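Structure at a glance
Read off the chains here:
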Amino acid sequence: FTGAANETSNISIINSDGTQNHVITHLATGERALHPSWSPDGKHLAFTWSPNAADYRNTRLYVINIDGTQQRLLSHPPSESEDVWSTWSPDSRFVAFERVTFMDEQAIHGTSQIYSIALDGTQERLLSGSYQSQDRRPNWSPSDVAMKCL
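About the cut-offs
- Within any chain, residue numbers begin from 1 and follow the written order of that chain's sequence.
- Residue-level local features of this predicted model are given only where pLDDT is at least 70; pairs of side-chain atoms are given and counted only at 80 or more, and the full residue set underlies all totals for whole chains, interfaces and linings.
- Values shown for side chains rest on all heavy atoms present in the structure; no hydrogens or waters enter the calculation.
- The way it works is that DSSP assigns letters per residue, a run of H or I at least four long becomes a helix, a run of E at least two long becomes a strand, and they are numbered from the N terminus.
- The buried label applies to any residue whose accessible area, calculated with a 1.4 Å probe on protein chains only, is under 20% of its type's maximum; exposed applies above 50%, and partly exposed to all values in between.
- Contact between two residues is taken to exist if any of their heavy atoms lie within 4.5 Å; hydrogens are not considered.
- Note on areas: Shrake-Rupley, 1.4 Å probe, and residue coverage restricted to the protein chains presented here.
- Nonpolar cores are built from buried Ala, Val, Leu, Ile, Met, Phe, Trp, Tyr and Cys residues. Side-chain atoms within 4.5 Å join them into one set.
- For Phe, Tyr and Trp, rings pair up if their centres lie within 6.5 Å, where Trp contributes its six-membered ring, and each pair is then called stacked (planes under 30 degrees apart), edge-to-face (over 60) or tilted (otherwise).

**Quick notes on the overall build of the chain**
The helix and strand inventory of the chain stands at zero helices and 13 strands. Counting helices and strands in the order they occur from the N terminus, the chain gives β-β-β-β-β-β-β-β-β-β-β-β-β. Burial statistics for the chain: of 150 residues in total, 44% are counted as buried. Summarising the internal contacts of the chain: among those between residues at least 6 apart in sequence, 32% fall at separations of at least 24. Carbon and sulfur atoms provide 51% of the accessible area of the chain, an area that totals close to 8,000 Å².

In C-alpha cells, the structure reads:
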C-alpha cells in the first residue's frame, strides 16, 4: 500500500493480519510512489514515481525488490508525459503501462496509449492506439493471450 507523510508518499508492505508493516521505498520530501503492482512471481513491485506531488509531468515507472533493495528506473517517458498504472505479464518478464502525453501547459488534457517494457528496461513497445487514442489502465490476462484496457 502507499502511505503519505510530509508531502511524500512511500510504499509499504504489510502482512494480511496487520503485522510486519515496513516501508520499502524511501523517497525525498515531495516525491510520490503510487499504484504499486505486485509481480506474479512475488519478487518485485512496479510502481509509479512522481518527482513533484503538484505536477504529474515526467512521472516514471520504477521496479523494486519486495525487500526494498535494488530500486531501479524502468521507463523513460518523453518530457511532458507520465507513465502510470503498471500490470505484469504472467511470467513476470514484462510490465505493461499507460503512457499519458499532455497536450497543454496545465497537464490536464492529453492522450494515452498502452506500452510494454521488459523487466530490465529494454524492449519498450507501443501496444495500442495512436497518438490520438485514450487507452487506459492495462490489465494482463493470466493466460498471457490478451490484455484489457479501459
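**Quick look at the environment of Asp-120**
Looking at the element boundaries, Asp-120 is found in the loop between strand 10 (110–118) and strand 11 (125–126). Distance from Asp-120 to Val-63, taken between C-alpha atoms, is 9.4 Å for residues 57 residues apart in sequence.

**A word on the environment of Leu-27**
Tracing the backbone through its elements, the reader meets Leu-27 in the loop between strand 3 (22–23) and strand 4 (32–38). Taking the C-alpha atoms as reference points, Leu-27 and Asn-10, separated by 17 residues in sequence, lie 6.6 Å from one another. Excluding residues within four positions of it along the chain, Leu-27 makes contact with Thr-8, Ser-9, Asn-10, Arg-32, Ala-33, Trp-49 and Gln-71.

**Here we look at the nonpolar core**
Listed in full, the ten residues of the largest apolar core are Ile-11, Ile-13, Ile-24, Leu-27, Ala-33, Leu-45, Phe-47, Trp-49, Tyr-62 and Ile-64. Within the residue set of this core, elements represented by two or more residues are strand 2 (8–13), strand 5 (44–50) and strand 6 (60–65). Here the element with the most residues in this core is strand 5; it accounts for three residues. Leave out the neighbours within four places in its chain, and Trp-49 touches Leu-27, Glu-31, Arg-32, Asn-58, Thr-59, Arg-60 and Tyr-62.

**Description of the packing of aromatic side chains**
Counted under the stated rule, the structure contains three aromatic pairs. Measuring from centroid to centroid gives 5.6 Å for Trp-49 and Tyr-62, while their planes differ by 65°, and the two rings are edge-to-face. In this pair, Trp-49 is assigned in strand 5 and Tyr-62 in strand 6, connecting sequence segments 13 residues apart. With respect to class, Trp-49 is no different from Tyr-62; both count as buried. Aromatic pair Phe-97 and Tyr-115: ring centres 5.9 Å apart, planes at 15°, arrangement stacked.

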